[in-house]
Protein chains: 2
Amino acid sequence: MLTLHDDLLSGNGYKIRLLLTQLGIPFRYRELFVHKGETRTPAFLAINPNGKIPVLVFDDGRTLSESNAILYYFAQGTPYFPDDPFARALVMQWMCFEQYSLEPYLGVARFWTKHPPDRPDLADRMAELMPKGAHALGVMDRHLDAADFFVGDRYSIADISLYAYTHVAEQGGFDLAAYPAVRAWIDRVADRPDHILITQSAFGER
Amino acid sequence: MLTLHDDLLSGNGYKIRLLLTQLGIPFRYRELFVHKGETRTPAFLAINPNGKIPVLVFDDGRTLSESNAILYYFAQGTPYFPDDPFARALVMQWMCFEQYSLEPYLGVARFWTKHPPDRPDLADRMAELMPKGAHALGVMDRHLDAADFFVGDRYSIADISLYAYTHVAEQGGFDLAAYPAVRAWIDRVADRPDHILITQSAFGER
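What counts, and where the lines are drawn
Residues numbered from 1 in each chain as written. Chains lettered and ligands numbered in written order. Predicted model: local features only at pLDDT ≥ 70, side-chain atom pairs only at ≥ 80, totals over all residues. Core = buried A, V, L, I, M, F, W, Y, C linked by C-beta atoms within 7 Å. Buried ≥ 20, exposed ≤ 12 C-beta atoms within 10 Å, placed from the backbone. Contact = placed C-beta atoms within 7 Å. Pairing = 2+ DSSP bridges. Helix = DSSP H or I, 4+ residues; strand = E, 2+ residues; numbered from the N terminus. Axes fitted to C-alpha atoms, helices over the stretch in contact; angles between N-to-C directions. Least-squares fit on C-alpha atoms with pLDDT ≥ 70 in both. Expected span 1.5 Å × (residues − 1). Parallel < 35°, antiparallel > 145°, perpendicular 65-115°, else oblique. Left-handed = near helix turned anticlockwise from the far one by under 90°. Nonpolar A, V, L, I, M, F, W, Y, C, P; charged D, E, K, R; others polar. Domains from an automatic or database assignment. pLDDT = per-residue confidence, 0-100. Bend = angle between axes of the 7 residues up to and from the residue.

### As for the nonpolar core
Inference 1: Counting residues in each nonpolar core, the largest one holds 108 residues, and the members touching the most others are L19(A), I157(A), L19(B) and I157(B).
Inference 2: Contacts of I157(A), omitting those with residues within four sequence positions, involve L19(A), L71(A), Y72(A), A75(A), Y80(A), F81(A), V91(A) and M95(A).

In structure tokens, the structure reads:
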């Protein structure tokens, strides 16, 4: 059976928990705490030399890291990833946008709110994240103004990827009231069959 | 014909120039200067609402942004992207690593060295980038210790993606002497047929 090494606080890990649950693929859950340094131990670095969760370990010992790469691996050949080559590239475009233009702002602001690092410039750094995160939310809102989902008007791993940190953006201090199309999309994603909460490690558990 | 909107200083744009050249796909080149704010004009935001190069515009007006998504689009069905689903996911894993764990350090340090932003904390911020970039280079060096290329011992878009900012890391103040396996891999990538320099907009031009 697959083993997912993850922190329940992580939106990146949540992406995997959500897709595996929706695909009906069982997995073992191994919880780690990033804020306690548990992703920097020699034992964990042997699994992912980059020192980051989530990581998936297969029965034969192979490992796969990077949340969007894991989504892609399991979505290939399923309705969660399109057949058309250009639509596939658009899914990748939005997942790259998520990791570069959204997660470093929405994700970091939320993590720092829950576990504030001990640094004198924390308030300044938090203040810097806000306009950049707001820019990403604005890009998403304008796109969703004319579309139910991010690519081809169909729920895909692009939506799972972007939903992870966006639906909990307010936990990092972002106000979603300014992004009505994003809010409506959040509701659509949460209404999908077999949806789970970010606090759930697998389907059925609360 | 395809039109690539790009800045010759960008490693992200170079990835596209290199792959299209190696695939023999012609493209028009439209040069912009990021440091002059040319990716934030209304005209450019109409092409990419996220305000970033590279962006590729197709004849029919469709656009595709995010360098690794563009690499993926053109590499599908070519020797630059593997057939095996797990190998494909490993290519994605390394491209995600590149955008999240390498480019924000190596790429930003190089950009700030060439065009220093006017901010009082610049020296502190540069100093923060260095250990994070060094960590990424260490991860790559250990991987390349046992492999000629990043995935399946074969040159792929994972190599193109990682090469872009790594081979010019010293322009951002990183010393590659500490990473001999990375240096040997840089030489292997530069020896590939139809290789072009980061300063070239297309094959044949110098």
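Resuming the write-up.
### As for the sheet that holds strand 3 (residues 55–57) of chain B
Residues and elements named next belong to chain B.
Inference 1: Spatially, 4 strands are ordered 2-1-3-4 in an open sheet, and the strand pairing comes out mixed. Each of the sheet's edge strands pairs with one partner strand only, and the pair in question is strand 2 (27–31) and strand 4 (63–65). Sheet twist, expressed as the mean angle between neighbouring strand axes with direction ignored, is 20°.
Inference 2: With 3 bridges joining them, strand 1 (residues 2–6) and strand 3 adopt antiparallel strand pairing. Bridge pairing in strand 3 links L4 to L56.

### A few points about the interface of chain A and chain B
Inference 1: In this complex, chain A contributes 22 residues to the contact, which on the side of chain B involves 22 residues.
Inference 2: By residue number, the principal contributor to the side of chain A that touches chain B is helix 4 (residues 85–114) of chain A, which donates 10 residues.

### Re the relation of the copies chain A and chain B
Inference 1: It takes a turn of 180° to lay chain A on chain B, together with a shift of 0.0 Å along the axis; the resulting RMSD is 0.0 Å. The operation mapping one copy onto its partner corresponds to a two-fold rotation axis. Closest approach to the rotation axis within chain A is made by the C-alpha atom of Y100(A), at a distance of 3.2 Å.
Inference 2: Mapped onto chain B, 100% of the interface residues of chain A again fall at the interface, so both copies present the same surface.

### Side note on helix 5 (residues 122–144) of chain A
Inference 1: For helix 5 of chain A, with 23 residues, the first-to-last C-alpha span of 33 Å sits near the 33 Å given by 1.5 Å per residue.
Inference 2: Burial in helix 5 of chain A covers these residues: L129(A), G133(A), A136(A), L137(A), M140(A) and L144(A).

### Topic: the sheet that holds strand 1 (residues 2–6) of chain A
Residue and element names in this part refer to chain A.
Inference 1: Reading across the sheet, the 4 strands line up as 2-1-3-4 and stay open at both edges, with mixed pairing between neighbours. In this open sheet, the two edge strands, each paired with only one partner strand, are strand 2 (27–31) and strand 4 (63–65). Averaged over neighbouring strand pairs, the angle between their axes works out to 20° when direction is ignored.
Inference 2: In this structure, strand 1 lies alongside strand 2, joined through 5 bridges in parallel fashion. Among the inter-strand pairings, D6 is bridged to a residue of strand 2, identified as E31.

### Quick look at the packing of helix 6 (residues 157–166) of chain B against helix 7 (residues 180–190) of chain B
Residues and elements named next belong to chain B.
Inference 1: Two numbers describe how helix 6 lies on helix 7: the axes approach to 11 Å, and their chain directions differ by 110°. It follows from the interaxial angle that helix 6 and helix 7 lie roughly perpendicular. Taken as a pair, helix 6 and helix 7 cross one another with a handedness that is left-handed. Residue-level contacts link D159, Y163 and T166 of helix 6 to V182, I186 and V189 of helix 7.
Inference 2: Along the lines of polarity and charge, the residues of the contact of helix 6 with helix 7 split into 4 nonpolar, 1 polar and 1 charged.

### Describing the environment of L19(A)
Inference 1: Inspection of the secondary structure assignment puts L19(A) in helix 1 (residues 11–23).
Inference 2: Along the backbone, L19(A) and I53(A) are 34 residues apart, and their C-alpha atoms lie at a distance of 16 Å.

### A look at the domain arrangement of chain A
Residue and element names in this part refer to chain A.
Inference 1: Assigned domains within chain A: domain 1 (2–75) and domain 2 (85–190).
Inference 2: For domain 1 versus domain 2, the separation of C-alpha centres amounts to 21 Å.
Inference 3: Each partner contributes residues to the interface: domain 1 has 12 residues there, and domain 2 has 11 residues.
Inference 4: Listing elements by their share of the side of domain 1 that touches domain 2, those giving two or more residues are helix 1 and helix 3 (67–75).
Inference 5: No other element matches helix 1, which puts 6 residues into the side of domain 1 that touches domain 2.

### Things to note about the confidence of the model for chain A
Inference 1: Confidence along chain A averages 96 in pLDDT terms, with 98% of residues attaining 70 or more.
Inference 2: Across the interfaces of the predicted complex, the ipTM metric reaches 0.96, alongside a pTM of 0.97.

### Brief notes about the packing of helix 4 (residues 85–114) of chain B against helix 5 (residues 122–144) of chain B
All names here are of chain B.
Inference 1: Two elements in contact, helix 4 and helix 5, have axes separated by 8 Å at closest approach and are oriented at 140°. Judged on the interaxial angle alone, helix 5 and helix 4 are oblique. Relative to helix 5, helix 4 is oriented so that their crossing is left-handed. Of helix 5, the residues touching helix 4 (which contributes S101, L102, Y105, L106, V108, A109 and W112) are L122, M126, L129, K132, G133 and A136.

### Some details on helix 4 of chain B
Since the α-helix packs 3.6 residues into each turn, any two residues three or four apart lie on the same face.
Inference 1: Along helix 4 of chain B, the sharpest kink reaches roughly 60°, centred on E103(B) and followed within four residues by the proline P104(B).
Inference 2: For helix 4 of chain B, the buried fraction is high: 22 of the 30 residues fall into the buried class.

### Topic: unusual backbone geometry
All names here are of chain A.
Inference 1: With an omega of 0°, the peptide bond running from I53 to P54 counts as cis.
Inference 2: Checked against the element boundaries, P54 lands in the loop between helix 2 (42–47) and strand 3 (55–57).
Inference 3: Of note in this structure, D194 is not a glycine but carries a positive phi near 60°.
Inference 4: Structurally, D194 can be placed in the segment after helix 7 (180–190).
Inference 5: According to the C-beta neighbour criterion, D194 is exposed, with 11 such atoms within 10 Å.

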